[in-house]
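Residue-level structural notes
Given next are the chains, with one letter for each unit.
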Amino acid sequence: MNLSPEQFLVELRRRRATRVRRVSFRMNRSTVWSLTQGGRVLNLHAAYRTATPELLDAFADLVAEGGWWTAARRRRAASAIRAWPPLSEALRDARAEPRNRSESACCATFQQSRYLRTLYRDLNRTRFEGRLPDDLPLRLSNRMKRALGHMVPGEGGAGERSVREIALNVDLMLEGNDEELVDTLLHEMAHAADYLLTGHRGHGSSWRAWARRVGCRPVRLNDRPIRTRRRRTAAVTRVPPPPPPLAATLAR
Ligand SMILES: [Zn+2]
């Protein structure tokens, strides 16, 4: 059974752990649990949604108020919580996935977001016959080093395929990179189409077919020379002009 944050809190209270006022679940890659706001908020790895009654006992010990005499108990609880087998499995899964949106913020300005959305919708309409979801999450990242973009596949409730996000390197918004921006977005949209419509990942033949069909280079994105920020901390606020290539590339 999956516990909601509220149900988890009720279970703690039932075990007389009353200091915690709120529980929140996160799909972290390494942090298993943390207490914040003076011990009032318990942040938990999402794997603990399926905590057993014994494990809930351990959590109650962990967050209980008390002096030195509870320290040993708390230590024991902490190691039981850490050693819980489903946790290590979930951590392994989380690390295998590319970083997700909740862990890395979008650095786009409002105008950049609007620009990207318009470009995406235009390309979806003109190159993909509108077969991609119009509201697919798009993000600019200032953390990517060599990568120019990525598409993160996901799964919906009933095992249905979905796309968690398409993220692009913010450097693509710099002057001189406009063509690469369109090519990279098409590249990632081709990954989205390939995954959503055929269930494939990577740069195999079905992806290459999409790439050729929509008019981006059917090769990996590695080692493409683009202009980059001088300092990695510099903000990029430029909004490229509406792509004149849109009309031109249609004829290509
Ligand atoms: Zn790719």
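Residues numbered from 1 in each chain as written. Predicted model: local features only at pLDDT ≥ 70, side-chain atom pairs only at ≥ 80, totals over all residues. Heavy atoms only, no water.

1. Points about the overall build of the protein
Of regular secondary structure, the protein possesses eight helices and six strands. Going residue by residue from the N terminus, the α and β elements of the protein occur as α-β-β-β-α-α-α-α-β-β-β-α-α-α. In summary, the protein has a C-alpha radius of gyration of 23 Å against a globular reference of 18 Å for 252 residues, an excess of more than 25%. Principal axes of the C-alpha set define a box for the protein whose edges measure 75 × 40 × 30 Å. Residue burial in the protein is summarised as follows: out of 252 residues, 42% are buried. (Helix = DSSP H or I, 4+ residues; strand = E, 2+ residues; numbered from the N terminus. Rg over C-alpha atoms; globule rule 2.2 N^0.38 Å. Buried < 20%, exposed > 50% of the residue type's maximum accessible area, 1.4 Å probe, protein only.)

2. Comments concerning the sheet that holds strand β3 (residues 41–45)
The sheet built from three strands is open, its strands ordered β1-β3-β2 with mixed pairing. Only two strands of the sheet have a single partner each, and these edge strands are β1 (22–26) and β2 (33–36). Averaged over all pairs of adjacent strands, the angle between strand axes in this sheet comes to 20 degrees, irrespective of strand direction. Inspection of the sheet shows β1 paired to β3 by five bridges, in the parallel sense. (Pairing = 2+ DSSP bridges. Axes fitted to C-alpha atoms, helices over the stretch in contact; angles between N-to-C directions.)

3. With respect to the coordination of the zinc ion
Within the first shell, the zinc ion binds the protein through His187 (NE2), His191 (NE2) and His203 (NE2), at distances of 2.1 Å. Between consecutive donors of the zinc ion, the numbers of intervening residues give the motif H-x3-H-x11-H. Of this pair, His187 sits in helix α6 (residues 178–198) while His203 sits in the loop between α6 and α7 (205–214), and the two are 16 residues apart along the sequence. Take His187: its relative accessible area is 1%, and that puts it in the buried class. Relative accessible area serves as the criterion here: at 25%, His203 is assigned to the partly exposed category. (Donors = N, O, S within 2.8 Å, 3.2 Å for Na, K, Ca; no water.)

4. Concerning the confidence of the model for the protein
Of the residues in the protein, 90% have a pLDDT of 70 or more, and the chain-wide mean is 86. When mean pLDDT is compared element by element in the protein, α7 scores highest at 96, while helix α8 (residues 245–251) scores lowest at 45. (pLDDT = per-residue confidence, 0-100.)

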